[in-house]
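The chain contents come next:
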Amino acid sequence: MTEPGPDGPNVGGTRSFLPAVEGMRACAAIGVVVTHVAFQTGHTEGITGRLFGRFDLAVAVFFALSGFLLWRGHAAAARGLRERPPTGHYLRSRIVRIMPGYLVAVVVILTLLPDASSDLAVWLANLTLTQIYVPLTLTAGLTQMWSLSVEVSFYLALPLLALLVRRVPVRGRIAVILAAGVASLFWVCIPFDGGSGHNLWNWPPAFFSWFAAGMVLAELTVSRVGWVHALARRRVLMAVVAAAAFVVAASPLAGREGLHPGSIGQVMLKTTMGAVLAAALLAPLVLDRPDTPHRFLGSTTMVTLGRWSYGLFIWHLAALAMVFPMIGEFAFNGQMPVVLVLTVVIGFAIAAVSYALVESPCRVALRRWEFRRQRPVPPLDSSVKDVPEPVAR
């Protein structure tokens, strides 16, 4: 169900659950797996190395998804379509959504994975999601968590960002977000001593453009339908834009093949292409007409995989470490198709267990607590019906 906004018809700002977006989340998680499997099976050179290496832009899709989903409540509130999201509920829901499954993964991986470091600093940094700020604390089985550390920083900053733009006129909000996203590209120009173990290029400001891509889309869902929406609804055009951004990011213009960092200018170009790619992939899903079907991404299978995608993300490197001894092969020695299939299958199997035993029960418990004075408790699955946020206490 949609409601008319102050500037014209709403394109979906009040739809609490978008199945195709959940399906896109699954695709992004698989993209992360592809780039890591390619690296660990030795596919890091030549054209294939460039293409597989750039699947790391799936992280840009993850960040844009977070920017869209978490900002749309503030975008709708700015136009009087709903009350502002309660900060307490927002922070509690983020903690319960992220930390239980993550902490279980960290403890299990650091305890059982032979190649994982057991240093106290590694334990503390990974348990607190501060590993991008503490030198030499990214360890085997958990190296992908740098992006989760960045994402959690965005979660914490989002209420402040909403406060900063609260007095910005509705028509100027998109311009402000875009300007901040462009300015963030220059973060990599700040000098730092790589020998110190710190990598400022992995700090949150370097990736704000990716979150901004989603935030702009959130603003557009509650804006008057115009030429941007018309372009977004042309799926073939958006696919071409996404493909072009991917190719540019994989080219020598944006750096070396594989996971090697490039020069400052190359990193800026790659980051820009990540924002373009993420926006082009998400725009048709969130700016299309509400009754437009997305048969593949919105299918039951893809929505289910989307629910498990967080578990795949946090467990896939551990699953990958299990695959090599299973097939009797060493890392960096080929066999990518077999390794990729087994890693995805095993990773999703672990993710399904994590969702059923850890993630979902914790979210249900939080919802029961927040709606403890309301009977019946609204369902966790917002695809059933739209439910109001609990009253802030």
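Summarised in this report is the structure supplied together with it. Bear in mind that the values here come from a model prediction, so they are computed numbers and not experimental data.

### Details of the nonpolar core
- Grouped together as the largest cluster of nonpolar side chains are 102 residues, with contacts concentrated most on F63, W71, L148, W210, L217, L285 and V286.
- Once residues lying within four places of it in the same chain are set aside, the contact partners of L217 are F68, A279, L282, A283, V286 and L287.
- If you look at the next biggest cluster of nonpolar residues, it comprises five residues, including L185, V188, W201 and V267.

### A closer look at a nonpolar patch on the surface
- A cluster of nonpolar side chains, contributed by V104, V108 and L112, occupies part of the molecular surface with about 240 Å² of accessible area.
- Within the secondary structure layout, V104 lies in helix α4 (residues 87–112).

### Brief notes about the side chain of E151
- Among the structural elements, E151 can be located in helix α6 (residues 145–164).
- Look past the residues within four positions of E151 in its chain and what remains in contact with it is F62, F63, S66 and F211.

### As for the packing of aromatic side chains
- Under the counting rule described, the total for this entry stands at ten aromatic pairs.
- Ring centres 5.9 Å apart and planes at 50° place the aromatic pair F63 and W210 in the tilted group. One end of the pair, F63, is in helix α3 (residues 58–78); the other, W210, is in helix α8 (residues 208–221), and 147 residues separate them in sequence. As far as burial versus exposure is concerned, F63 and W210 are alike and both buried.
- Judged by centre distance (4.5 Å) and plane angle (10°), the rings of F63 and F211 are stacked. Of this pair, F63 sits in helix α3 while F211 is found in helix α8, placing the two residues 148 residues apart along the sequence. This pair shows no difference in class: F63 is buried, exactly as F211 is.
- Linked through ring pairs, F63, W146, F154, F207, W210 and F211 together constitute an aromatic cluster.
- For R94, the ring lying beneath its charged end belongs to Y155, and the centroid distance is 5.1 Å.

Basis of the calculations
Residues numbered from 1 in each chain as written. Predicted model: local features only at pLDDT ≥ 70, side-chain atom pairs only at ≥ 80, totals over all residues. Heavy atoms only, no water. Core = buried A, V, L, I, M, F, W, Y, C linked by side-chain atoms within 4.5 Å. Buried < 20%, exposed > 50% of the residue type's maximum accessible area, 1.4 Å probe, protein only. Contact = heavy atoms within 4.5 Å. Patch = residues over 30% accessible without salt bridge, like charges linked within 9 Å, V, L, I, M, F, W, Y side chains within 5 Å. Areas by Shrake-Rupley, 256 points an atom, 1.4 Å probe, with all protein chains shown as cover. Salt bridge = Lys/Arg side-chain N within 4 Å of Asp/Glu carboxyl O. Helix = DSSP H or I, 4+ residues; strand = E, 2+ residues; numbered from the N terminus. Phe/Tyr/Trp six-rings, centres within 6.5 Å; stacked < 30°, edge-to-face > 60°. Lys NZ or Arg CZ within 6 Å of the ring centre and 35° of its normal.

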